[in-house]
Amino acid sequence: MDDHSSQHDPAADNKRPLFSSDLSTPIHGLFVLGVLYTLYLAHQIVLPIILAVLTSLLLAPLVKKAYIKWRVPRMVSSLFLVLMVLAGIVGVGVAVAMPAIEWAEKAPQGISRLLVGESSFKQQIDRVTESAKEVEKSVEGLSEEEEAEKPTTVVMQTESWRSQLMSKARNGVAGLALALALTYFLLVGGDRLIRNLVKQLPRSQRKTALRITHDSQSQIAQYLGVLGLSNLVVGVTTGLMSWAVGLPDPAVWGIVAALARFIPYLGVILTIALLAVVSAISLDALWMMAIAPLGYLALTTLVGFFIEPWIHGFRMAINPVVIFVSIFFWGWLWGPVGVLLAVPLMTVIQVVLKQIPRLQPVYRVIAR
C-alpha cells in the first residue's frame, strides 16, 4: 500500500475554505446591495410596513395588559389605541400647520426688516457687498476679451412647489392610513402570527426568536417612554421660555422643541437654528435674541446627559458615531421619515445582533 496515497495533505484542505470565503463575500455584498435597492425602490410600501411593525411593538404590551388585567377584547383596545395615535398625529399637525403657514407669509417681511433696517446684520452685509463690488471691478478688465455672443437661455418649465407639496401630502396620508390599518391588524393578530412563525423554526431557534420579539418590545417601549417623558418636560419648558421672552406662538415652539428631540443631534441643531432665526426677527435686543436658543441648548443638554439616564438608567448601547451615521443613511434612503425611524430601527437591529450568536461580533463592533 502506498504511504503517499494515505497521507493527508493539509494544504489541500486549506484551499477550500479560502475559496469558499472569497466567493461568499461578493455574494453577500451583492445581496446587501439588492436589499438596499429594494428598500429604496419600494419605499412607499416598505415604510408603512416598518412604521406599523414598530408601532405595534410599542403598543402590544398595552393591549396584552388590558386583556389580562381587565379582560378588554384585543379588537377594542387595539382600535382605541390606534384612534389615540391618529388623534395625536392630527392634533399636532393642526397645531403646528396653521402657525407655520402664517410664519411662511410673515417671514419675508421679517427678514427684509432685519436686513434692511439699521442693525449689525445690515452693516455686515453692506461691507460684504462693497467688497464684492470692488472685486467685480478688478475682474471686469480681465473678462472683456472673453465677451462673445450671449448664449441662448433655455427655460424649463417644472412643476410648481405647491403641486409637489400636495403630491407628497397625498402620498404621506395614504402611507399613514396604510400604517395605521396594518398596526391595528398586528395588534389584534400579531401574537398568533408570531407563534405560527416560531413553530416553523427548529426547536433550538424558537427561544431565540421569542427572546428577540420580547426584547424588541421592551427596548422600544423603554426608549420611547423615557424619551417621550423627557421631551414633554423640554417642550413645556421651552414654550414657557418662549412666552417669557415674547416670541409669537410660544406653544408651537414648545411642540417643535419636544418633537425635534426624537431625532438625535439633528433635531436639537434644527430647533436651535429655528429659535435663533425667530428670535432675531421678532426681538430687538441682542441679549433677548440669545435667551431662547441658548436656553433650549442648556435645557436639552441637562435633560439628555443627566435626567434621562437617572430616570430609567437606560441608554442605547450603540456607539454615538453609528447612531449619527445611521440617521444620515436612513434619511438619505427614505427622507424625513427615515430620519425619524433611524433610532427605533437601530434599537431593533441591536437587539437582533445581540441575540443571534453569529451576529454578536457585529454587535460588539458597533457597541458603545
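Up top is the structure these notes are about.
Residues numbered from 1 in each chain as written. Predicted model: local features only at pLDDT ≥ 70, side-chain atom pairs only at ≥ 80, totals over all residues. Heavy atoms only, no water.

## Comments concerning the pattern of salt bridges
All told, the structure shown has one salt bridge when counted by the stated rule. With its nearest N and O atoms 3.2 Å apart, the salt bridge here joins Arg-74 to Asp-191. Of this pair, Arg-74 sits in helix α4 (residues 74-116) while Asp-191 sits in helix α6 (residues 161-199), placing them 117 residues apart in sequence. Owing to a relative accessible area of 27%, Asp-191 belongs among the partly exposed residues under this scheme. (Salt bridge = Lys/Arg side-chain N within 4 Å of Asp/Glu carboxyl O. Helix = DSSP H or I, 4+ residues; strand = E, 2+ residues; numbered from the N terminus. Buried < 20%, exposed > 50% of the residue type's maximum accessible area, 1.4 Å probe, protein only.)

## Re the packing of aromatic side chains
For the coordinates displayed, the defined rule picks out six aromatic pairs. Here the aromatic rings of Tyr-184 and Phe-185 are separated by 5.5 Å at their centres, their planes lie at 70°, and the arrangement is edge-to-face. Residue Phe-185 is classed as exposed on the basis of its relative accessible area, which comes to 56%. Above the ring of Tyr-67, the side-chain terminus of Arg-71 is found at 5.4 Å from the ring centroid. If you follow Arg-74 out to its NZ or CZ, it ends over the ring of Tyr-67, 5.6 Å from the centre. (Phe/Tyr/Trp six-rings, centres within 6.5 Å; stacked < 30°, edge-to-face > 60°. Lys NZ or Arg CZ within 6 Å of the ring centre and 35° of its normal.)

## A word on helix α11 (residues 320-334)
Here α11 spans 21 Å end to end across 15 residues, near enough to the 21 Å set by a 1.5 Å rise per residue. Listed in full, the buried residues belonging to α11 are Ile-323, Ser-326, Ile-327, Trp-330, Gly-331, Leu-333 and Trp-334. Each buried residue of α11 lies within a common arc of 160° when the element is viewed along its axis, so the set occupies one face. For α11, exposure combined with an orientation more than 90 degrees from the buried face picks out Val-321, Val-325 and Trp-332. Positive backbone phi, approximately 80°, marks Gly-335, located one or two places after α11. (Expected span 1.5 Å × (residues − 1). Arc of directions from axis to C-beta.)

## Some words on a nonpolar patch on the surface
Residues Leu-79, Leu-83, Leu-86, Val-90, Val-94, Met-98 and Ile-101 make up a contiguous nonpolar surface patch of about 620 Å² in total accessible area. Mapped onto the fold, Leu-79 is located in helix α4. (Patch = residues over 30% accessible without salt bridge, like charges linked within 9 Å, V, L, I, M, F, W, Y side chains within 5 Å. Areas by Shrake-Rupley, 256 points an atom, 1.4 Å probe, with all protein chains shown as cover.)

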